[in-house]
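Survey of secondary and tertiary structure
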Amino acid sequence: MLMRSFVVLVIAGTFAACGGGSGTTTSATPTTPTPTTPTTAVPTPTPTPTPTPTPPPTLYALSGRVVDAATSAPIAGATLSVVDGVNTGKTATTDAAGNYTIAGLQASGFSVNATAGAFLPSIKGVGVPTGDALNFSLTQRNFAGTWRGTAQQTGSTQPVAISFTVSAANTVTSLLVGICANGPTASVVSTTNTIPPPPPIIGGRFTLTSSPFYVRSFVGTFTSETSASGNSDMDFTGRNVAPCSGTYTRTWTATKQ
């Protein structure tokens, strides 16, 4: 009996030493990790490439000469114009020798129109670059007919009448000129067939230097087939043509009737 009690006590003591069954077990509280925002890499911007400048087009020049088809005389003051293609609007004017140069042309094909007041226009095609000159031979217009107008004397406000006739061969065959601003305006200075010889119209111009009576010279330029202008020198020195006296110059204009 004593032995049994001892065993019970030993077991009870052992149980108590181990904490018994009435102790509370403490559990560890789990820690929730703080979410981490991922870092987004910022791309390095690609530099904008510098565009390569477009080189300017190579430019060329076109040269040539313009002459009278009948006489081969140079035509001064003729206008050369590009009328189509990328070079449209480029122009040049002939010099006293009939030469011209159209500069600043891009390489291409185009047409050139040659014009001069007293001549029929002419158009030719060409391409550049080319080593060839572009020459023109222009045909003079036909001025045949009767022309009438007025001449204005220097220092006077009163015009005088003029008229002249051009033959089918483009020669001036007659001339009628008023004597002077203060005198008759229909006085005949030269009549048909009295101009020896009839001056030809060359390059749209004519010059009468051998007229009888009071006209020392009568110079005219045809600006078209229907209009002309010029000047005349009159000489009344030593002549009894009252109230005209001395010498003077007139400018005149006329139209084809």
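Residues numbered from 1 in each chain as written. Predicted model: local features only at pLDDT ≥ 70, side-chain atom pairs only at ≥ 80, totals over all residues. Heavy atoms only, no water.

Here we take up the pairing of strand E1 (residues 59–68). Pairing geometry for E1 and strand E4 (residues 99–106), over six bridges, is antiparallel. Note on E4: the bridge partner recorded for Tyr 60 is Leu 105. Judged from the three bridges that link them, E1 and strand E7 (residues 136–138) form a sheet pairing that is parallel. Considered in E7, the bridge of Asp 68 is made with Leu 138. (Pairing = 2+ DSSP bridges. Helix = DSSP H or I, 4+ residues; strand = E, 2+ residues; numbered from the N terminus.)

Applying the stated criterion across every chain, the model contains one salt bridge. A salt bridge links Glu 225 to Arg 141, with the shortest nitrogen-to-oxygen separation between them at 3.8 Å. One end of the pair, Glu 225, is in the loop between strand E12 (215–222) and strand E13 (227–235); the other, Arg 141, is in the loop between E7 and strand E8 (145–153), with 84 residues separating them in the sequence. For Glu 225, a relative accessible area of 30% puts it in the partly exposed group. (Salt bridge = Lys/Arg side-chain N within 4 Å of Asp/Glu carboxyl O. Buried < 20%, exposed > 50% of the residue type's maximum accessible area, 1.4 Å probe, protein only.)

Val 128 connects to Pro 129 through a cis peptide bond whose omega is 5 degrees. On the secondary structure map, Pro 129 appears in the loop between strand E6 (119–128) and E7.

Turning our eyes to something else, we now look at the side chain of Asn 87. Position of Asn 87 relative to the elements: it lies in the loop between strand E2 (79–82) and strand E3 (91–93). Reaching out from Asn 87, the side chain makes a polar contact with the backbone nitrogen of Gln 106 at a distance of 2.8 Å. For Asn 87, the residues in contact, after removing those within four places along its chain, are Val 82, Gly 104, Leu 105, Gln 106, Ser 108 and Phe 110. (Polar contact = N/O pair within 3.5 Å; in protein donor to acceptor, adjacent residues only side chain to side chain. Contact = heavy atoms within 4.5 Å.)

Turning to the packing of aromatic side chains, a few remarks are in order. The description of two aromatic rings rests on the distance between their centres and on the angle between their planes. Scanning the model with the defined rule gives ten aromatic pairs in all. Centroid distance Phe 164 to Phe 206: 5.7 Å. Interplanar angle 55 degrees. Geometry classified as tilted. One end of the pair, Phe 164, is in strand E9 (residues 159–166); the other, Phe 206, is in strand E11 (residues 205–208), and 42 residues separate them in sequence. For the residue pair Phe 164 and Phe 206, the accessibility class agrees, reading buried in each case. Ring centres 5.5 Å apart and planes at 75 degrees place the aromatic pair Phe 164 and Trp 252 in the edge-to-face group. Separated by 88 residues along the polypeptide, Phe 164 in strand E9 and Trp 252 in strand E14 (residues 247–256) bring together distant segments of the chain. When its relative accessible area of 1% is taken as the criterion, Phe 164 is described as buried. In this structure Trp 252 comes out as buried when scored by relative accessible area, which is 2%. (Phe/Tyr/Trp six-rings, centres within 6.5 Å; stacked < 30°, edge-to-face > 60°.)

Time to look at the pairing of E13. Note: E12 against E13, seven bridges, orientation antiparallel. Paired with Phe 222 across the bridge in E13 is Ala 228. Where E12 hands over to E13, the hairpin turn is made up of four residues, counted between the paired strands.

Take Val 219: it is sitting in strand E12. The buried category is assigned to Val 219, whose relative accessible area is 15%. Expressed as a C-alpha distance, the spacing of Val 219 and Leu 208, which sit eleven residues apart in the sequence, is 6.1 Å. Apart from the residues lying within four places of it in its own chain, the contact partners of Val 219 are Arg 205, Phe 206, Thr 207, Ser 229, Gly 230, Asn 231 and Trp 252.

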